[in-house]
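Okay, here's what each chain looks like letter by letter:
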Amino acid sequence: MRALFIFASWLFLLTASAQRIKTSVNSNWWFCKGDSSSGHWQQVTIPHTWNAADVLDDEPGYYRGAGWYKRLLSVSPAWKGKTIHLYFEGANQVATVFVNGKKAGTHTGGYSAFSIPIGHLLRFDSSATDEVVIHLTNAHDENIPPLNADFSFFGGIYRDVYLLAADEVHFDLDNYGSSGVFVSTPRVSEQWADVQVKGLIENAGATPRLLQVHTEIYDDRGARVAQQQADLTVGAFGKVPFLAFFSRLQQPRLWSPDKPNLYRVLTRIIDRNSGVTTDETAHPLGFRWFRFSADSGFFLNGKHLKLIGANRHQDFKKLGNALPDALHVRDVELLKGMGSNLIRIAHYPQDPAVLEACDRLGLLVMEEIPIVNRITQTEGFEANCLAMQREMIRQHFNHPSVIIWAYMNEVLIEPRYEKGSPEQEAYFRDVLTLARKLEALTRQEDSSRYTLIPGYGDYEVHRRTGIIDVAMIFGWNLYRGWYEETYHDFGKYLDRFHADYPKVPTIITEYGADCDVRLHTTKPQRFDKSMEYAALFHAAYIKQMMERQYISGGAAWNFVDFNSEYRQEATPHMNTKGLMTADRIPKDAYWIYQARFGKEPVVRIGSREWKLRSGLSVSGVDQHSLQPVDVYTNQPFVTAYLNGKKFASVKAVDRRCRLMVPFVDGRNKLEVRSPQGASDAVDIDFELQPASYASPLPFKDLHVSLGDRRQTSDGAGRTVWLPEQEYKANSWGYIGGELYRLRDSDQIPYGSNRAILGTGLDPVYATQRVNIEAFRADVPDGNYRVVLHFAELGENRMRNPAPAPERSFDVIVNGLLVWKGLSNQKELLPRQAFQTATDVEVRNKKGITVSFVPLKGQTILNAIEVIRR
Ligand code: GCB
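Residues numbered from 1 in each chain as written. Predicted model: local features only at pLDDT ≥ 70, side-chain atom pairs only at ≥ 80, totals over all residues. Heavy atoms only, no water.

Check the secondary structure of the protein chain and you find ten helices and 55 strands. With the C-alpha coordinates aligned to their principal axes, the bounding extent of the protein chain is approximately 105 × 65 × 60 Å. For the protein chain, buried positions account for 62% of its 869 residues. Of all intrachain contacts in the protein chain linking residues separated by at least 6 positions in sequence, the fraction that spans at least 24 positions is 71%. Summed over all atoms, the accessible surface of the protein chain reaches about 33300 Å², with 50% contributed by carbon and sulfur. The centroid of the 100 positive side-chain charges in the protein chain is displaced by 3 Å from the centroid of its 100 negative side-chain charges. (Helix = DSSP H or I, 4+ residues; strand = E, 2+ residues; numbered from the N terminus. Buried < 20%, exposed > 50% of the residue type's maximum accessible area, 1.4 Å probe, protein only. Contact = heavy atoms within 4.5 Å. Areas by Shrake-Rupley, 256 points an atom, 1.4 Å probe, with all protein chains shown as cover. Lys, Arg positive; Asp, Glu negative; His and termini not counted. Charge placed at Lys NZ, Arg CZ, Asp CG, Glu CD.)

Right, here's the structure in full:
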């Protein structure tokens, strides 16, 4: 181990310059999970999380506890006298840093950067190394937000770590993880702009120093447009403020989403005696001004701009929160490519790479600290919240893309106290007190941005508590058409708010619908989690948002599917409201935004990843199946070709062309072209199911999901499950029974919302037919395997589902009793996939009949397969 450590060590060399050196130290760390350092150590590279694997299993829950990291540093003796820090961009959530066995510092909070001075603990001995050890914990702590939220709190040093060495005279390194230099534009117009640069300079040495601060502004093309210098003196171990004010810089090239012209500010500290630069920082600078109006929405640089975009979690398939910078940047590019001009960095500050990309690519940012769902009514909690807000603002102050600082997402929602109880009233009062403190702090830290609190769709509770009046903007997280009834009234909800609060600007901080890319339907319905329902949902929100000028804009929830360990969805442990999958495959909603807001010609075939489809042949024609395919486009019409042959020319309605595609059995090459030449093509494999077994079409293996109106692909491109149909002669289907449906007021209108264990095919098992009498398939004579799938869904409730009442039934296949008394007291375990197969020989055109005979309670069937052997 020791040898490896030495191998892993680094020698930091002093460069000729006296300036600041910042080098990443991501490699060669050793990690040990658990609370003792005697455990098993493994070599890891940062970004790292210890939860990436344990959120992939069937079990709810993930490790919330301690972990240790260690690494050797070999710091050159020449660095003695420098100010040396370890700089962490983020580690979740309480980190204590030790150097050579002594505590260097600690930091609370998993989502902001922090800087720990370590110079005083280093050896500066070329024959010895220094050891850095970090104790980190992501254990729940009532005083640290987030307490409870719909995402997984991955533990680990999941963002870059740097070693930072500055000359003893430097810009303040002890300022909430910020650069210590703050750039602002107090006044901007098309003709001229003022720029202010300020901060503190520290002299960590024992002799007073005569210094000069040199500030330069470079335009987006690299030309220097202004400079200033000021002399100052800093006493021994002292700090002095500096300020550079550039008045009326002429003709600034404005920053906007369309033209994100980025200037740069360079500040340098020069020793007046030696002429040596002792420290230097560079910051982005964007010239823009903006305002929110309660009546007419958002204005940037004097022009009205509807804010359109999405929320973004720092989460990627199999990586958890430990993303390399390139993936952060790519998300911003993908969001921009959707035609957006807005990102809500939710629910916590994110990697600096995100903000840098927003500045560069032109996305307006609202950012917030992770107070989600509830607060703790303690001083400790309050102190942590205030510190987090201060860290966020100081660390990201210089990004021109940021326009809103937010805090407190839906904190009135937690049903901890009985409605109307004194405890609840006291809780509300404490929420308001904390909100006012955060508001005051935010405005004091930064008077150039807006403040915002996001609430949820219970209008009354927000009105009654007075929380709407605290921040400058009120944000609404609205799920009309998802958690509540129809999306058609989402605009009306806001109209009421606007009428009651004519002076409060508003923006839709969230709206979204779950969408599992394996699920498709021609009959979209709330809670079916299909691609098609989510597409309708987003189109409806966009329309109502665009119709109302007072709505500043909206951010869809979420840009990506993300881990939420306690969620039970069609894909358990995931929130699937993303416009993209967890590995960034666009869903149809993404194309809807692109077709509506994208600048380039857009022609996109929807559901392009749905490569294996199935459907019934058109009766009498027996050549093909007619299936709808949506094309999202900003072109007037598209012409469509199937396997090289033109079959339709369709006009766009609301940026969508609906094709009826005559899919043939086997490979289908679908191509669409617009008059301007933009085009798209996909290859789709189609399984043509004979509508009637009397037709000349050959038998195709049948996979049917009962109680289901969706077509489900297995995700691996092998099996496609058809929605149920009622039995018709010469065909197949169920006889008798009804859909498994809601049994209480929680209103889950589709199947069960619980995870099914022992399968990846949760959606197939999550719907069922109850009281079914039989399933018949009039298949041709031959040998078949019949596979039956069951799952005990229990009562259909959002919370605490009760077990289903006792049931037991016989299963008879073509007259043969194959299961005697299949029962939820024995084989059918709660929410556990259960399947059983039986072989049948079909003779004399008798087909297959599977009968379900109740002995006690109701019969059920979740899915059935008929496979030719
Ligand atoms: C919300 C929350 C967000 C959730 C989302 C959902 O209102 O702010 O954290 O993930 O709803 O999907 O339920």
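Now for the layout of surface pockets. In this structure, the second largest pocket encloses a volume near 1000 Å³. Together, 42 residues line the second largest pocket, and Lys317, Asp516, Val517, Arg518 and Thr571 are the ones closest to its centre. Across the lining of the second largest pocket, the residue classes break down as 14 nonpolar, twelve polar and 16 charged. (1 Å grid on protein atoms, 1.4 Å probe; cavity = no way out; pocket = protein on both sides within 12 Å on 5 of 7 lines; lining within 4 Å. Points joined across faces, edges and corners; volume = space filled by probe spheres on them. Nonpolar A, V, L, I, M, F, W, Y, C, P; charged D, E, K, R; others polar.)

Below, the discussion takes up the nonpolar core. If you look at the biggest cluster of nonpolar residues, it comprises 107 residues, and the most contacted ones within it are Met408, Leu494 and Phe559. When residues of this core are assigned to their parent elements, the largest contribution, eight residues, is made by helix α5 (residues 422-445). Shared between two domains, this core holds at least three residues of each, these being domain 1 (2-171) and domain 3 (293-605). Setting aside residues no more than four positions away along its own chain, Phe559 makes contact with Ala310, Asn311, Arg312, Asp331, Leu334, Leu335, Met338, Gly578, Leu579, Met580 and Tyr590. One finds Trp721, Leu788, Ala833 and Ile848 within the second-largest nonpolar core, a separate group that totals 42 residues. (Core = buried A, V, L, I, M, F, W, Y, C linked by side-chain atoms within 4.5 Å. Domains from an automatic or database assignment.)

Within strand β37 (residues 637-642), five of the six residues are buried, which leaves the element mostly enclosed by the surrounding structure. Relative to strand β38 (residues 645-651), β37 runs antiparallel, the two being bridged by six bridges. Across the sheet, Thr639 pairs through a bridge with Ser649, a residue of β38. Hairpin geometry of β37 and β38 is characterised by an intervening segment of two residues between the two adjacent antiparallel strands and by a positive phi of about 50° at Asn643. Pairing of β37 with strand β40 (residues 666-673) involves four bridges; the strand directions are antiparallel. Note on β40: the bridge partner recorded for Thr639 is Arg673. (Pairing = 2+ DSSP bridges.)

Spatial ordering of the open sheet is given by β35-β41-β40-β37-β38, a layout of five strands whose pairing is mixed. Unpaired on one side and paired on the other, β35 (612-616) and β38 mark the two borders of the sheet. On average, each strand axis in the sheet is inclined to that of its neighbour by 30°, with strand direction left out of account. Where β35 lies against strand β41 (residues 679-689), five bridges are found, and the strand directions are parallel. Of the residues in β41, the one forming a bridge with Ser614 is Glu687. (Axes fitted to C-alpha atoms, helices over the stretch in contact; angles between N-to-C directions.)

On to the site of the ligand, then. Among the 13 residues in the neighbourhood of the ligand, the closest are listed as Asp150, His347, Glu410, Tyr483 and Lys577. At 2.4 Å, a side-chain N or O of Tyr483 approaches an oxygen atom of the ligand. Separating an oxygen atom of the ligand from a side-chain N or O atom of Lys577 is a distance of 2.6 Å. When the free accessible area of the ligand is taken as 320 Å², the share hidden by the protein chains comes to 92%. Residue composition of the shell around the ligand, by class: four nonpolar, four polar and five charged. (Near = heavy atom within 4 Å. Polar contact = N/O pair within 3.5 Å; in protein donor to acceptor, adjacent residues only side chain to side chain.)

Here we come to the packing of helix α4 (residues 379-396) against α5. The interhelical angle for the contact between α4 and α5, taken along N-to-C directions, is 25°, at an axis separation of 10 Å. The angle between the axes of α4 and α5 places the two elements in the roughly parallel class. The chirality of how α4 crosses α5 is right-handed. Mapping the contact onto sequence places Phe381, Glu382, Cys385, Leu386, Gln389, Arg390, Ile393 and Arg394 in α4 and Leu434, Lys437, Leu438, Leu441, Thr442 and Glu445 in α5. Here the residues of the contact of α4 with α5 sort into seven nonpolar, two polar and five charged. (Parallel < 35°, antiparallel > 145°, perpendicular 65-115°, else oblique. Left-handed = near helix turned anticlockwise from the far one by under 90°.)

Quick look at helix α2 (residues 325-337) now. Look at α2: 18 Å from first C-alpha to last across 13 residues, which is about the 18 Å you get at 1.5 Å a residue. Of the residues one or two after α2, Gly339 is the one with positive phi, at around 95°. (Expected span 1.5 Å × (residues − 1).)

In this section: the domain arrangement of the protein chain. According to the domain assignment, the protein chain contains domain 1 (2-171), domain 2 (181-285), domain 3 (293-605), domain 4 (606-698) and domain 5 (701-869). Computed over C-alpha atoms, the centres of domain 3 and domain 5 are 39 Å apart. Each side of the interface is counted separately: domain 3 has 15 residues, and domain 5 has 18 residues. With both chains or domains summed, domain 3 and domain 5 bury close to 1600 Å², and 53% of this area falls on carbon and sulfur atoms. When the buried area of domain 3 at its contact with domain 5 is split by residue, Arg518, Phe527 and Gln568 rank highest and sum to 38% of it. The class makeup of the residues in the side of domain 3 that touches domain 5 is four nonpolar, four polar and seven charged. (Buried area = accessible area lost by both parts, 1.4 Å probe.)

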